[in-house]
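Survey of secondary and tertiary structure
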Amino acid sequence: MLRRKARRAQGDPHGDPLDADQERRVRAVLALGGVPQADLLDGVQQVRLRLLERAANGQEAPRDVSAWAAVVASHLAMDWHRAKRRQERIGERLASLRQPDHASGSGEDSRLLSVAVARGLDELPDAQRQILVLRFYADLPVRGIAEELGIPEGTVKSRLHTAVRALRARLHEDEVV
């Protein structure tokens, strides 16, 4: 144990960036944040990865690794909840699309609009279609799309604007809206 701490202090890349106490603290923060037991190990690995990324980018190690790791763990717990909520919203949207609207006469209109939107999406270039799907079906914010695709936020905004305009024009041409 002493040797591993000494290696880590000297910057040995093979040393574990978290000691046992820090790992326990990260697990506790994640658990208190509502992350399920099955996902705790993934959270700990994410904290380790972020510490290793800092070292790989030439950044200094945090002064208090334990406190830094706890903050990162709390952010991971919030991200876990956001992702869970996003998945729930997607499920709700899909469920609402599957249910026929018998109460009003708009059920047929809704189906026609869905078909027209699907056709319009098929006609868009792949990059624009991908942005629209991530934004409106996966409910990702512009920043999340940019991170997911590895492109600047400005590019996401530009493609989103162009794609929405093209889709809207297509729907007007077909006299759907």
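**Thoughts on helix H8 (residues 153-173)**
Taking 1.5 Å per residue, 21 residues should reach 30 Å; H8 reaches 30 Å between its end C-alpha atoms and fits that length. Of all the positions in H8, only Val156, Leu160, Ala163, Leu167 and Leu171 are classed as buried. When H8 is viewed along its axis, its buried side chains cluster within an angular range of 75 degrees and face the same direction. Seen from the open side of H8, the exposed residues pointing more than 90 degrees away from its buried face are Lys157 and Glu173. Downstream of H8 by one or two residues, Glu175 has phi in the positive range, about 55 degrees.

**Observations concerning the side chain of Asp16**
Examined against the element boundaries, Asp16 turns out to sit in the loop between helix H1 (2-9) and helix H2 (20-32). We classify Asp16 as buried; its relative accessible area is 18%. A polar side-chain atom of Asp16 sits 2.8 Å from a polar atom in the side chain of Arg48.

**Some thoughts on the environment of Gln45**
With respect to the secondary-structure elements, Gln45 resides in helix H3 (residues 40-56). Linking Gln45 and Val26, residues 19 residues apart in sequence, is a C-alpha distance of 10.0 Å.

**Some remarks on the packing of aromatic side chains**
The full count for this structure, using the stated rule, is 0 aromatic pairs. When the ring centre of Phe136 is taken as reference, the NZ or CZ atom of Arg135 above it lies at 5.7 Å.

**Here we look at the environment of Leu52**
Positionally, Leu52 belongs in helix H3. Sequence separation of Leu52 and Asp16 is 36 residues, and the distance between their C-alpha atoms is 9.2 Å.

**Some remarks on the pattern of salt bridges**
Applying the stated criterion across every chain, the model contains 9 salt bridges. With a shortest N-O distance of 2.7 Å, Glu23 and Arg48 are connected by a salt bridge. Here Glu23, found in helix H2, pairs with Arg48, found in helix H3; they are 25 residues apart in sequence, far enough to count as distant. When its relative accessible area of 14% is taken as the criterion, Arg48 is described as buried. The salt bridge involving Arg170 is made with Glu123; its shortest N-O contact spans 3.0 Å. Of this pair, Arg170 sits in helix H8 while Glu123 sits in helix H5 (residues 106-123), placing them 47 residues apart in sequence. Via salt bridges that share partners, Asp16, Glu23, Arg27 and Arg48 belong to a single interconnected network.

**Describing H2**
Every α-helix carries 3.6 residues per turn, so stepping three or four residues along brings you back to the same face. Its 13 residues give H2 an end-to-end C-alpha distance of 18 Å, which sits within 8% of 18 Å, the value for a rise of 1.5 Å per residue. Within the sequence span of H2, burial applies to Gln22, Val26 and Leu30. Across the axial projection of H2, the buried residues extend over an arc of 75 degrees, all falling on one side. Residues of H2 that are exposed and point over 90 degrees away from its buried face: Asp21, Arg24 and Leu32. Put simply, Asp19 is the residue that caps the front of H2, since its side-chain oxygen is 3.1 Å from the backbone nitrogen of Asp21. Trailing H2 by a residue or two, Gly34 shows a phi angle of about 95 degrees, which is positive.

Each value, and the rule that gives it
Residues numbered from 1 in each chain as written. Predicted model: local features only at pLDDT ≥ 70, side-chain atom pairs only at ≥ 80, totals over all residues. Heavy atoms only, no water. Helix = DSSP H or I, 4+ residues; strand = E, 2+ residues; numbered from the N terminus. Expected span 1.5 Å × (residues − 1). Buried < 20%, exposed > 50% of the residue type's maximum accessible area, 1.4 Å probe, protein only. Arc of directions from axis to C-beta. Polar contact = N/O pair within 3.5 Å; in protein donor to acceptor, adjacent residues only side chain to side chain. Phe/Tyr/Trp six-rings, centres within 6.5 Å; stacked < 30°, edge-to-face > 60°. Lys NZ or Arg CZ within 6 Å of the ring centre and 35° of its normal. Salt bridge = Lys/Arg side-chain N within 4 Å of Asp/Glu carboxyl O.

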